[in-house]
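Residues per chain are reported as follows:
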Amino acid sequence: MLQLSFMVIIGILTLVVALCCGRYDLTVRQVFYALSAPPWLGHPGNIADIVVWDARLPRIAAAILVGAALGCAGNTYQAVFRNPLVSPDLMGVLSGSAFGAALLIVLGMPLALVQSGAFMGGLVAVGVGLMVASLLPEGGLLTLLLGGLIANAVFTALLSLVKYLADPLDQLPAVIDWLLGSLASSHWSQLALLAPPVVVLLALLIWKSPLLDVLTLSDDEAQSLGIPVKRTRWFFILLATLLSSLTISMAGIIGWVGLLVPHIARLLIGAEHRHTMPLCALLGAIGMILADTVARSISSGEVPLGIITELVGALAFIIVLQRVQGSWR
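The structure contained in this document is the topic of the report that follows.

### Description of the overall build of the protein
Of regular secondary structure, the protein possesses 14 helices and 0 strands. The helix and strand sequence of the protein, counted from the amino end, reads α-α-α-α-α-α-α-α-α-α-α-α-α-α. The globule rule puts the C-alpha radius of gyration for 329 residues at 20 Å, and the 20 Å found for the protein is close to it. Principal-axis analysis of the C-alpha atoms gives the protein an extent of 65 × 55 × 35 Å. For the protein, long-range pairs separated by at least 24 residues make up 75% of all intrachain contacts whose partners lie at least 6 apart in sequence. Taken as a whole, the protein presents about 15400 Å² of accessible surface, with 71% of it coming from carbon and sulfur. For the protein, the distance from the average position of its 15 positive side-chain charges to the average position of its 16 negative side-chain charges is 7 Å.

Here you go:
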């Protein structure tokens, strides 16, 4: 479609800008020359090659994955729960991931284990939420929402306990720094491990996205169309949760992307999910590339990525709400 093609062009231009901008500025010619001479071909590397291949490309690749995953996860949650104000942290994945990472930071574990702890913490939190929902009287979406709220409260309390027990001179700053979000630690070895599952989950969400149109109907209407509502809903919750946990393990806590991007996609292309899902991936990737470029360029020290997304996302959401205030009544 025209909108998707236009966003692809915008994405390519954004990629070029991100490769050029930073504390060490490069020209477009330097960037294209560096891209045409990858280091594995044995070309002698100069400063521009090192900046492009070792510093910026891994971060941009991670930003694309994180932004696309958060955009699609947010779109999925909003469809499954039939609520435009739902974001990927609804089921406790954010607080669970934060607790898992903070606990391992306090225990002195290396970065790779901290990232694994964030991923597992998110999954455990969602598992707790679903277990609580299964213990409540059958109430469909309401029990899932209550289970998620309870899990979020429990793991937020556990995170506060870990922060209270952390060494205020060494461990607590490291926990706070991780919670604010950053792509500074992105490198090719990390991407080789995390990119394949993110890409597979994104492809699966985009492929199955037409089913989300059915889930936005009432349960009785969806069942009359032959859709196993409960199983399909849990399937999408699992996919979105896995994606959210993977992004948190890569970049820390990144807010507003999963909430804001689906609204912009619906504003541009309508509410049909086979169209909005790929557009959410594109918009999330573009937004995350721009936010990371600003975070590493506006000062001599790097501004936490989460601060940029919180500030810009909150302001942008006000504008979006003014445009779509009556469309979800």
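### Some thoughts on a nonpolar patch on the surface
Together, Ile176, Leu180, Ile307, Leu311 and Val312 make up an exposed nonpolar region whose accessible area comes to about 400 Å². Taken together, the elements giving at least two residues each to the nonpolar patch come down to α7 (171-180) and α14 (305-324). A total of 3 residues in the nonpolar patch trace back to one element, the largest contributor, which is α14. With respect to the element layout, Ile176 can be found in helix α7.

### Considerations on the nonpolar core
With 76 residues, the main nonpolar core has Phe81 and Met288 as its most contacted residues. For this core, the element with the highest residue contribution is helix α3 (residues 47-80), accounting for 18 residues. Once you skip the residues sitting within four places of it in the chain, Met288 turns out to touch Ala63, Val66, Gly67, Leu70, Ile254, Val257 and Leu305. Ranked by size, the runner-up nonpolar core spans 19 residues in total, among them Leu104, Phe155, Val162 and Trp178.

### Quick word on the side chain of Thr232
Its place among the elements puts Thr232 in helix α11 (residues 229-251). Overall, Thr232 belongs to the buried group, its relative accessible area being 9%.

### Section: the state of the cysteines
A full pass over the atoms with the stated rule returns 0 disulfides. Cys20 forms no disulfide, and the closest cysteine sulfur to it belongs to Cys21, at a distance of 6.3 Å. Cys72 provides the cysteine sulfur closest to Cys280, a residue in no disulfide bond, and the two sulfurs are 6.0 Å apart.

### With respect to the packing of aromatic side chains
Overall, the coordinates contain 4 aromatic pairs when judged by the stated rule. Considering the side-chain rings of Phe235 and Phe236, the 5.3 Å spacing of their centres and the 70 degrees angle between planes classify their relative orientation as edge-to-face. Since its relative accessible area comes to 29%, Phe235 is described here as partly exposed. The exposure class assigned to Phe236 is buried, which follows from its relative accessible area of 0%.

Cut-offs used in this document
- Numbers given to residues run from 1 along each chain, matching the order in which its sequence is written.
- Confidence filtering applies because this is a predicted model: local features only for residues at pLDDT of at least 70, side-chain atom pairs given and counted only at 80 or more, and all residues used for totals across whole chains, interfaces and linings.
- Each side-chain value is worked out from all heavy atoms of the structure, with water and hydrogens disregarded.
- Helix numbers and strand numbers start at the N terminus; a helix is a DSSP run of H or I with at least 4 residues, a strand a run of E with at least 2.
- Within these notes, the globule rule equals 2.2 Å times the number of residues to the 0.38 power, and the radius of gyration is based on C-alpha atoms.
- For this analysis, residues touch if any pair of their heavy atoms sits within 4.5 Å.
- Computed with the Shrake-Rupley method and a 1.4 Å probe, the accessible areas treat only the protein chains shown as cover for residues.
- Neither His nor the chain ends is counted toward charge; the positive residues are Lys and Arg and the negative residues Asp and Glu.
- Charge placement uses NZ in Lys and CZ in Arg. For Asp and Glu, CG and CD serve respectively.
- Patch membership requires over 30% relative accessible area and the absence of a salt bridge. Like charges are linked within 9 Å, and nonpolar side chains (Val, Leu, Ile, Met, Phe, Trp, Tyr) within 5 Å.
- By definition here, a salt bridge exists when the distance from a side-chain nitrogen of Lys or Arg to a carboxyl oxygen of Asp or Glu is within 4 Å.
- For the purposes of this section, nonpolar cores are sets of buried Ala, Val, Leu, Ile, Met, Phe, Trp, Tyr and Cys residues that join through side-chain atoms within 4.5 Å.
- Partly exposed describes any residue whose relative accessible area lies between the buried limit of under 20% and the exposed limit of over 50%, with all areas from a 1.4 Å probe on protein chains only and scaled to the type maximum.
- The rule for a disulfide is simple: a pair of cysteine sulfur atoms within 2.5 Å.
- Pairing of aromatic side chains requires ring centres within 6.5 Å, counting the rings of Phe and Tyr and the six-membered ring of Trp. Pairs whose planes differ by under 30 degrees are stacked, by over 60 edge-to-face, and all others tilted.

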